[in-house]
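# A look at the structure
Here is what each chain is made of, one letter per residue.
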Amino acid sequence: MRALGVIKAFGRTLALATTLAAPGHAAETIRLAVQKTGTFSWELAAIRASALDKEADLALEVSELASTEAGKIAMRAGSADIILSDWLWVSRERALGAKLTFYPYSSALGAVMVPASSPIKSLADLKGRKLAIAGGAIDKSWLLLQARMKQDGIDLKSEATIVYGAPPLIAAKALDGEMEASLNFWNFCAQLEAKGFRRLAGIEEILPKLGAKGAVSAVGYVFDENWAASHRDAVARFIAMTRKAKQLLVTSDAAWDKIAPLTGTSDASLLKTYRDRYRDGIPRRSIADEEQDARVLYRVLAETGGRDLVGPAAELDPGTFYHAVPGD
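Residues numbered from 1 in each chain as written. Predicted model: local features only at pLDDT ≥ 70, side-chain atom pairs only at ≥ 80, totals over all residues. Heavy atoms only, no water.

### Concerning the overall build of the chain
Check the secondary structure of the chain and you find 15 helices and 10 strands. Computed over the C-alpha atoms, the radius of gyration of the chain is 20 Å, within 12% of the 20 Å expected from 2.2 N^0.38 for a compact globule of 328 residues. Seen through its principal axes, the chain has C-alpha atoms that stretch 65 × 45 × 40 Å. Expressed as a percentage of the 328 residues in the chain, the buried residues total 52%. (Helix = DSSP H or I, 4+ residues; strand = E, 2+ residues; numbered from the N terminus. Rg over C-alpha atoms; globule rule 2.2 N^0.38 Å. Buried < 20%, exposed > 50% of the residue type's maximum accessible area, 1.4 Å probe, protein only.)

### Observations concerning the packing of aromatic side chains
All chains considered together, the criterion is met by 13 aromatic pairs. Seen in terms of ring centroids, Trp-42 and Trp-256 are 6.1 Å apart; in terms of plane orientation they differ by 75°. Their pairing is edge-to-face. Of this pair, Trp-42 sits in helix 2 (residues 40–49) while Trp-256 sits in the loop between helix 12 (232–251) and helix 13 (268–280), placing them 214 residues apart in sequence. Taken as a pair, Trp-42 and Trp-256 share a single burial class, namely buried. Ring centres of Phe-223 and Tyr-322 lie 5.1 Å apart, and the angle between their planes is 80°; on these two criteria the pair is classed as edge-to-face. Here Phe-223 is found in strand 10 (residues 219–224), whereas its partner Tyr-322 is found in the segment after helix 15 (307–310), with 99 residues between them in sequence. (Phe/Tyr/Trp six-rings, centres within 6.5 Å; stacked < 30°, edge-to-face > 60°.)

### A short note on the environment of Gly-281
Here Gly-281 lies in the loop between helix 13 and helix 14 (287–305). Residue Gly-281 is classed as buried on the basis of its relative accessible area of 2%. The residues contacting Gly-281, other than those within four sequence positions of it, are Tyr-105, Ser-106, Ser-107 and Ala-108. (Contact = heavy atoms within 4.5 Å.)

### What about the nonpolar core?
Where a protein is soluble and globular, its nonpolar side chains tend to be buried together. Formed by 93 residues in total, the largest nonpolar core has its most connected members in Trp-87 and Phe-238. Beyond its immediate chain neighbours, meaning those up to four positions away, Trp-87 contacts Phe-102, Val-216, Ser-217, Ala-218, Ala-294, Leu-297, Tyr-298, Leu-301, Leu-316, Thr-320 and Phe-321. Counting six residues, the second largest nonpolar core, distinct from the first, contains Ala-111, Met-113, Ala-174 and Phe-197. (Core = buried A, V, L, I, M, F, W, Y, C linked by side-chain atoms within 4.5 Å.)

### Digging into the sheet that holds strand 3 (residues 83–86)
Taking strand neighbours across the sheet as the criterion, the three strands line up as 3-10-4 in an open arrangement whose pairing is antiparallel. The open sheet has two edge strands, strand 3 and strand 4 (100–106), and neither has a second partner. The average angle at which neighbouring strand axes cross in this sheet is 45°, direction not considered. For strand 3 and strand 10, the ladder comprises four bridges, and the chain directions are antiparallel. Counted as the bridge partner of Leu-84 is Tyr-221 from strand 10. (Pairing = 2+ DSSP bridges. Axes fitted to C-alpha atoms, helices over the stretch in contact; angles between N-to-C directions.)

### Side note on the sheet that holds strand 5 (residues 111–114)
Read from one edge to the other, the open sheet built from five strands follows the order 7-6-8-5-9, with strand pairing classed as mixed. Two strands bound the open sheet, and with one partner strand each, they are strand 7 (161–165) and strand 9 (198–202). Taken pair by pair, the neighbouring strands of this sheet meet at an average axis angle of 25°, ignoring direction. Examined bridge by bridge, strand 6 (residues 130–134) and strand 8 (residues 181–184) share three bridges and lie parallel to one another. From the neighbouring strand, Ile-133 faces strand 8, where its bridge partner is Leu-183. Sitting on the sheet, helix 8 (residues 167–175) touches strand 6, strand 7 and strand 8, and the angle it makes with strand 8 is about 155°.

### A few points about the pattern of salt bridges
If you walk through the whole model with that rule in mind, you get 24 salt bridges. Salt-bridge contacts for Asp-81 lead to Arg-31; the nearest nitrogen and oxygen are separated by 2.9 Å. Here Asp-81 is found in the loop between helix 4 (68–77) and strand 3, whereas its partner Arg-31 is found in strand 1 (residues 28–35), with 50 residues between them in sequence. Accessibility expressed as a relative area gives 8% for Asp-81, which makes it buried. A single network of salt bridges, built from pairs that share partners, joins Asp-253, Lys-272, Arg-275, Asp-276 and Arg-279. (Salt bridge = Lys/Arg side-chain N within 4 Å of Asp/Glu carboxyl O.)

### Some thoughts on the side chain of Thr-101
With respect to the helices, strands and loops of the structure, Thr-101 is situated in strand 4. Under the relative-accessibility criterion, Thr-101 is labelled buried at 2%. Of the polar contacts made by the side chain of Thr-101, one reaches the backbone nitrogen of Tyr-322; its length is 3.3 Å. (Polar contact = N/O pair within 3.5 Å; in protein donor to acceptor, adjacent residues only side chain to side chain.)

### Some points on the confidence of the model for the chain
Scored by pLDDT, the chain has a mean of 90; 91% of the residues are at 70 or more. Across the chain, element-level confidence peaks in strand 5 with a mean pLDDT of 98 and bottoms out in helix 1 (residues 2–17) with 44. Predicted confidence for residues 1–11 stays below pLDDT 50, and this span has eight contacts to residues more than four positions away or in other chains. Segment residues 13–22: pLDDT under 50, and 19 contacts once partners within four positions in sequence are set aside and those in other chains are kept. (pLDDT = per-residue confidence, 0-100.)

Structure (C-alpha cells):
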C-alpha cells in the first residue's frame, strides 16, 4: 500500500511539474522561514544536493529561525512567503482575519514513550503515573490523547501527574528516569527509541478511534492565499519540487548522507530511525481526504481545548487547505 501511495504521489508530482517555467526564465524567489533544527532543513538539504530548486526555476531564500513561533511572527510580519505550521493554527488565524492556507508536509506525529522495562503496557496504565508532555497544556497530541482516554472513562489530566516542558527537556528527563512516561514530538521519540525506549502508542494509532479514516498531516507548508493567487505557478513548482525531494528520500538511502550532519547525531541506529519515521510521515492521501479528517479532528480538539486553542471558530475554516491542482 505504501508503494502504491508513493506512485500516486509521484504521479501528482509529474502533473505539477508541467507548470515549470520555460528554459531561460528568471528564477522566482520564494522566502522561507525555517526552524534551524527542524526537519524542513532536511528536505531543503535534499533539494539543494539534487539541484531540484534549479530544476523548478526557483531561488529559495532561507531564513533560519530558533523556533516555530518565530516562523509565525515572520509570516505575520510579511517577511516570509512560506513557513511550516499546522492546520489548526491556520484555521484560527483565518477566523481572526488572516487568510493563510495550508498544504500537507508531514503526518509524522509523536508517541507515548516508556522505558523498555516499564510495567506500563497500555494507555489505561498511565492512570496514576507521572507523565511528561512536550509542547504545553494545549499541545494537539496531548489533547487528542486526552480525548481518546475519555472515551474509556479516564481523565488523564486529573488522574495522572502531568509535567509540561520543551521537547528537548522532556526527552532528557525521560532518559534520566525522572518520568514514568512521556509524550513528545516524533523526532525526540526517535531519539528515545534508539536508546531502547518502547513506543506505548503513537498518536496516529488513536486517530481512527477519534473518527479519522487515515493518516492526517499535522504539519504543512503555510502561506498567504493572496500571495498564492498571484504566484500560482511558483507555488505549483514549489510543491512539485518538494514532492520530488520526498520521493528521493523514500527511494535513496544515499540521499540521507547530506541530511545526517543536520540531525546532530552520528549514531547509525538513530539515523536509521529518523529516516524510517520521516518516510512513514510522508503524505500519501488526497487533499480532500486530508481535509475531511482534519475537520473531524478539529471538532475533537475544539471540544477538548476550547477557545484557548481554536479561537472563535467551532469548525475548521473552509479555506484552510490549499488545493494545488484539480483532483489533488
